[in-house]
Structures are given as structure tokens and as C-alpha cells.
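Secondary and tertiary structure notes
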Amino acid sequence: MNASAFLALQDVDTALDVITHKRPRLPEVIAHQGATAALADLRSRMAAAQQRIDAAQAGIEAAEQAADALTKKRTRLEAQLKTVIAPREAEALMHEIETINGHRGDLDDQELAALEEQAAGESTLLELLDSLAGHEGGVATAKAQLDAVYATVDSEVADLRQQRSDVVAALGPDSSALYERVRKQFGGVGVARLEGSHCSGCHMDLSPRELDIVKAVPAGTLAECPQCGRIIVR
Ligand SMILES: [Zn+2]
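Quick look at the structure, then. Per chain, the residues get numbers from 1 upward, laid out in the order the sequence is written. With the structure being a predicted model, the display of local features is reserved for residues of pLDDT at least 70 and the display and counting of side-chain atom pairs for 80 or more, all residues being used for whole-chain, interface and lining totals. Note that water and hydrogens are dropped before the side-chain values are worked out from all heavy atoms of the structure.

With that out of the way, let us pick up the coordination of the zinc ion. Reference values for coordination geometry: four tetrahedral donors around a metal ideally subtend 109.5 degrees, six octahedral donors ideally subtend 90 or 180 degrees. In this description, a donor is an N, O or S atom within 2.8 Å of the metal centre, a cutoff extended to 3.2 Å for sodium, potassium and calcium. Water is not part of the atom list, which can make sites seem incomplete. Donor atoms from the polypeptide that coordinate the zinc ion comprise Cys199 (SG), Cys202 (SG), Cys225 (SG) and Cys228 (SG), at 2.2 to 2.3 Å from the metal. All geometry calls rest on donor angles, where a four-donor set with angles between 85 and 135 degrees is tetrahedral, four- and six-donor sets with opposite donors more than 155 degrees apart and all others between 65 and 115 are square planar and octahedral, and all else is irregular. Between the four donor atoms coordinating the zinc ion, the angles at the centre fall across 103 to 120°, so the site counts as tetrahedral. Counting residues between consecutive donors of the zinc ion along the chain gives the motif C-x2-C-x22-C-x2-C. Highlighted residues: Cys199 in strand β2 (residues 198-199) and Cys228 in the loop between β3 (223-224) and β4 (231-233), separated in sequence by 29 residues. Helix and strand assignments follow DSSP, with helices taken as H or I runs no shorter than four residues and strands as E runs no shorter than two, numbered in order from the N terminus.

Here's what the structure looks like:
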């Protein structure tokens, strides 16, 4: 029974656990998420500006169409005015033409407001477009840094897995099964070091008597921490 192989296997597994925990929390992951979110936000603000421009354009077209219809009607009434003789009829037509002119004025105001709104939307869109390349570059840089750090981490993982299978092969099936059992039982750390009188598993100090018991365990036999029950290796 090779106690130090148990410890070696525990060290490899602890290192793998650390990587599994830190991989999604790497600064490069956070930076990439931040850059991606900033780009998405910019794109959504650009889409909103474009919608504003499109809505203003629709308003301009609607005002122009309505103004055209009124112009046609006014032309017709003006032609009619030249043919009427009765003053009351002429007065009524002139009143109607005046009303049309008033409506046309309102439509012109509406069109002007829509043109201003469109210009404001276009200036917002241009401003946002200015920073698009920068944001896209930021995402690309963050992605490259993320890929690089993932490559490093993944190669560390590959090395650790290779070490692990070597240690497991050296331990043999029975010891490996025992190791897996205690690792599961203690939530990841089933093998601890005896550091002076201190157990690295439960971080408790062993009493001199407990220490003597652990130290009396013959070589080739696994000792247990009297405090936590983990395999303890001197
Ligand atoms: Zn312990």
C-alpha cells in the first residue's frame, strides 16, 4: 500500500477541482462577457435609432401624401371658383380653400417635426456607428485572450489527467476504489497530510496521544485521522 500515491492522487484531483472552479470565473471570461454585452447594447441602441429614423420617414411620407391630396382638392376648388357666378357660392368655395390652406400648414409643421426627428435619429445613429468598430475589436481581442487562456488551462488539465491515470495505474484497482470511496465520502478531499500535529483535511491539531497512534501505524498500512476519519499520510 503506497500511502504517498494516495496523496499524489489527491493532489492531482484537488488541482483539477481548483481548475474546474476557476475556469468559468477567469478574468478573461468576465472581460469577454463584458465586451460581448457592451457590443449587444450598442447594437440594440443602433436598432432603436434606426427605428426612430424609419418611423420619422413614415411620418414624412404620410404628411406629404396628405398634403398632395389637399393640393389636388384645392386646385379643383380653384377651377370651380372661376366658373361660379353666385357670390354666396364663391364665398363658400373660398372658405373651403382657406380651410384647406390651414390643414396644409398643419401638415407642413408635422413634416418639419418629422424631418427634425429623423435628423436627430440619424445623428444618434452616426455617433453610435463611430464606436461600433471599437466595440467589435474589443470583443475580438477579448475572445483571443479567452481562447489563449483556455488553451493554457486545457493543457494543464490534460497534463493532470495524464498524471492521474499514471497514479491510478500504479495504485491498482483496489486502492483506487478505496481512494474514490473516501474522496466521495469527504466531499472531494479524502486524503490528508499530517503536517506536524496538524491534519490538512480537517485543520485540527492531533493530541500527542492521537499523534502516537497515527505514527504507530506500520508502513504500508493506511492511517486515519482520529479527528475527521480521512486517510492521513505522514
Ligand atoms: Zn483530519
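Moving on to the nonpolar core. Nonpolar cores are built from buried Ala, Val, Leu, Ile, Met, Phe, Trp, Tyr and Cys residues. Side-chain atoms within 4.5 Å join them into one set. Relative accessibility decides the category of a residue: with a 1.4 Å probe and only protein chains considered, values under 20% of the type maximum give buried, values over 50% give exposed, and everything between is partly exposed. Ala5, Phe6, Leu7, Leu9, Val167, Leu171, Tyr179, Val182, Phe186, Val191, Ile231 and Val233 form the largest nonpolar core, which has twelve residues in total. Among the elements that take part in this core, helix α1 (residues 3-22) stands out by supplying four residues, more than any other.

Along any regular strand the residues' side chains alternate between the sheet's two faces. Note on pairing: two strands pair once DSSP finds at least 2 bridges between them. Pairing of strand β1 (residues 191-195) with β4, which is carried by three bridges, proceeds in the parallel orientation. For Arg193, the partnering residue across the bridge sits in β4 and is Val233. The pairing of β1 with β2 spans two bridges and is antiparallel. Within β2, the residue paired with Glu195 across the bridge is His198. Here β1 folds back onto β2 in antiparallel fashion, the turn holding two residues, of which Gly196 has a positive phi close to 65°.

What the four strands build is an open sheet, ordered β2-β1-β4-β3; its pairing is mixed. Looking at the sheet topology across the chains shown, the edges are occupied by β2 and β3. A contact between two residues is defined here by any heavy atoms of the two lying within 4.5 Å. For helices, the axis comes from a line fit to the C-alpha atoms of the stretch in contact; other axes are also lines fit to C-alpha atoms, and the angle between any two N-to-C directions lies between 0 and 180 degrees. Sheet strands in contact with α1 are β1 and β4, and its direction is about 110° off that of β1.

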